[in-house]
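Here is what each chain is made of, one letter per residue.
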Amino acid sequence: MATDQMRNYEEVAEFTLDPADCDALLKAQNECSFIWRMRDGWPIGVIMSYLWHDGKIWMTASSQRPRVAAVRRDDRVSVVVSSAGTTLTPRTVTIRGRCQLFEDAETKRWFYPALAKVLIPGDEMRQSKFVQMLDSPRRVVMCVKPEKFVTFSSDKMRKYWRGGAE
């Protein structure tokens, strides 16, 4: 764990999430910051709803959105997820990955209902209406395949500062 030399919050790299805790966060949350690079090189991001499925972040947007054009130019993106708004203790996951765009009916057929279930749990009528709304001509499905995770666990930091006591 952290070194005995730690005296402040300057270095927190050792307080990472265990893989199971990372997965739990990605399943518990449904909102992320999606970050890409504009044509002029500046990074920019938006808050998006997402589904964590098969070890990837899945989202959707209309193809006329600047983020879709940017991904077509350069598929390197970042996604940031925090535990804010969940019952989990403070923790974060930043994913560096490559974003693939899907426009085929087969992907949309499984993804739209899966996203609706995550965003509107327990209300099949509203889920169905949401799926109908999503099913528009210019919509694409975005899939970020992680290449690197940068995580933070406040639980590990708190345990360290308490001398290893729970």
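Being a predicted model, the structure only gives us computed values, none of them experimental. (Residues numbered from 1 in each chain as written. Predicted model: local features only at pLDDT ≥ 70, side-chain atom pairs only at ≥ 80, totals over all residues. Heavy atoms only, no water.)

Let us now look at the overall build of the protein. Each helix and strand in the protein was counted, giving five helices and seven strands. Listing every helix and strand of the protein by position from the N terminus yields α-β-β-β-β-α-β-β-α-α-β-α. With 166 residues in all, the protein has 36% of them scored as buried. Long-range pairs, those at least 24 residues apart, make up 69% of the contacts in the protein between residues at least 6 apart in sequence. (Helix = DSSP H or I, 4+ residues; strand = E, 2+ residues; numbered from the N terminus. Buried < 20%, exposed > 50% of the residue type's maximum accessible area, 1.4 Å probe, protein only. Contact = heavy atoms within 4.5 Å.)

What follows concerns the packing of helix H3 (residues 105-119) against helix H4 (residues 124-134). Running from N to C, H3 and H4 cross one another at 135°; their axes reach a closest spacing of 9 Å. Between H3 and H4, the angle is such that the two are oblique. Relative to H4, the crossing made by H3 is right-handed. The residues of H4 that touch H3, namely those facing Tyr112, Pro113, Leu115, Ala116, Lys117 and Leu119, are Gln127, Phe130, Val131 and Leu134. Taken together, the residues that form the contact of H3 with H4 break down as eight nonpolar, one polar and one charged. (Axes fitted to C-alpha atoms, helices over the stretch in contact; angles between N-to-C directions. Parallel < 35°, antiparallel > 145°, perpendicular 65-115°, else oblique. Left-handed = near helix turned anticlockwise from the far one by under 90°. Nonpolar A, V, L, I, M, F, W, Y, C, P; charged D, E, K, R; others polar.)

Right, let's get into the pattern of salt bridges. In total, this model carries seven salt bridges according to the counting rule given. Notably, a salt bridge pairs Arg72 with Glu103, separated by 3.3 Å at the nearest N-O pair. Of the two residues, Arg72 sits in helix H2 (residues 66-73) while Glu103 sits in the loop between strand S6 (91-102) and H3, which places them 31 residues apart along the sequence. Using a relative accessible area of 49% as the deciding quantity, one classes Arg72 as partly exposed. On the basis of relative accessible area, Glu103 is assigned to the partly exposed category, the value being 47%. (Salt bridge = Lys/Arg side-chain N within 4 Å of Asp/Glu carboxyl O.)

In this structure the tally under the stated criterion is six aromatic pairs. Here Trp58 and Phe111 contribute two aromatic rings whose centre-to-centre distance is 6.5 Å and whose plane-to-plane angle is 35°, an arrangement assigned as tilted. Residue Trp58 is located in strand S4 (residues 56-62), and its partner Phe111 is located in helix H3; the two are separated by 53 residues in the primary sequence. By the burial criterion, Trp58 is buried, and Phe111 matches it. (Phe/Tyr/Trp six-rings, centres within 6.5 Å; stacked < 30°, edge-to-face > 60°.)

A few words on the environment of Asp104. Along the chain, Asp104 falls in the loop between S6 and H3. According to the relative accessible area criterion, Asp104 is partly exposed, its value standing at 31%. Separated by 37 residues in sequence, Asp104 and Val141 place their C-alpha atoms 8.7 Å apart. Among the polar contacts listed, one links the side chain of Asp104 to the backbone nitrogen of Thr107, at a separation of 2.9 Å. (Polar contact = N/O pair within 3.5 Å; in protein donor to acceptor, adjacent residues only side chain to side chain.)

Taken as a whole and judged by the stated rule, the model has zero disulfides. Here Cys99 stays free of any disulfide, with the sulfur of Cys143 as its closest cysteine sulfur at 7.2 Å. Judged by its relative accessible area of 4%, Cys143 falls in the buried class. (Disulfide = S-S within 2.5 Å.)

Coordinates in, geometry out; function isn't part of it.
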